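Overview (structure and organization)
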Amino acid sequence: MTPEEAAKRKQEWVSKMKSEGKMKEDMTEDHKACLNALQNPVRRNILKVLVEHKKSLEEIKDELKLTDSQASYNLNMLESTLCIEKEESEGTIYYVLTPRGEGYMENVELKK
């Protein structure tokens, strides 16, 4: 994806999240919630495994050795802070990074 395509995708995603009421108008509060969620190493590891491609709940659990409750709790936290979202394909639910999750990975995790 070119930088221009990525910027357009991000702009469309932000507009969609705001119109659906998922993103707060006060971006400071929105960012605080996201940063709080990303202080947890399990959640950061989930983002890392999603960098390459989407994964199902089972794939995430297996790769990170998580229980059902650990996976559900952490995935829900990442989804509520708009770092990941669900995508259905052929009857299976997959988790994918949102532009926010991608931005975190590009600007923080991958620069370590």
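Computed from a predicted model, the values in this text were never measured in an experiment.

Further remarks concern the pairing of strand 2 (residues 84-89). As paired elements, strand 2 and strand 3 (residues 92-97) share six bridges and run antiparallel to each other. Counterpart to Ile 84 in the pairing with strand 3 is Leu 97. Counted between consecutive antiparallel strands, the loop separating strand 2 from strand 3 contains two residues, among which Glu 90 sits at a positive phi close to 55°.

Moving on to unusual backbone geometry. Despite not being glycine, Lys 65 has its phi angle at roughly 55°, a positive value. Looking at where Lys 65 falls in the secondary structure, it is placed in the loop between helix 4 (57-64) and helix 5 (68-80). According to the relative accessible area criterion, Lys 65 is exposed, its value standing at 69%. A positive phi angle, close to 55°, is found at Glu 90, a residue other than glycine.

All right, on to the nonpolar core then. One finds Leu 47, Leu 50, Ile 60 and Ile 84 to be the most contacted residues of the largest nonpolar core, which totals 17 residues. Of all elements in the fold, only helix 3 (41-50), helix 5, strand 3 and helix 6 (99-107) reach the threshold of two or more residues within this core. Broken down by element, this core gets its largest block of residues, four residues, from helix 3. When neighbours within four sequence positions are excluded, Ile 84 is seen to be in contact with Leu 47, Leu 50, Leu 75, Leu 78, Glu 79, Tyr 95, Val 96, Leu 97 and Thr 98.

This paragraph deals with the layout of surface pockets. Regions of empty space are outlined by a rolling probe, equal in size to a water molecule, passed over the atoms. Computed from the structure, the largest pocket encloses a volume of approximately 540 Å³. Lining the largest pocket are 20 residues, with Lys 10, Pro 99, Arg 100, Gly 103 and Tyr 104 positioned closest to its centre. At the level of elements, helix 1 (3-19), helix 2 (27-37) and helix 6 are the ones that each hand at least two residues to the lining of the largest pocket. When the residues that make up the lining of the largest pocket are grouped by side-chain class, the tally is 12 nonpolar, three polar and five charged.

Thresholds applied
Starting afresh in each chain, residues are numbered from 1 along the sequence in its written order. Restriction of local features to residues with pLDDT of at least 70 applies here, the model being predicted, together with a cutoff of 80 or more for giving and counting side-chain atom pairs; totals for whole chains, interfaces and linings are based on all residues. Computation of side-chain values: all heavy atoms of the structure, hydrogens and water removed. In short, DSSP must find at least two bridges between two strands for them to pair. Secondary structure elements follow DSSP: runs of H or I of four or more residues count as helices, runs of E of two or more count as strands, with numbering from the N terminus. For each residue, the accessible area found with a 1.4 Å probe, counting protein chains only, is set against the maximum for its type, and the residue is called buried under 20%, exposed over 50%, and partly exposed in between. For our purposes a nonpolar core is just a set of buried Ala, Val, Leu, Ile, Met, Phe, Trp, Tyr and Cys residues, chained together by side-chain atoms within 4.5 Å. Whether two residues touch is decided by their heavy atoms; if any such pair falls within 4.5 Å, the residues are in contact. Both site types are read off a 1 Å grid over the protein atoms alone. A 1.4 Å probe that fits but cannot get out defines a cavity, while an open set with protein on both sides within 12 Å along at least five of seven lines defines a pocket; lining residues have an atom within 4 Å of a point. Grid points are joined across faces, edges and corners, and a volume is the space filled by probe spheres set on the points. Three categories are distinguished: nonpolar for Ala, Val, Leu, Ile, Met, Phe, Trp, Tyr, Cys and Pro, charged for Asp, Glu, Lys and Arg, and polar for the others, with Gly belonging to the last.

Worth remembering: the numbers are spatial, not functional.
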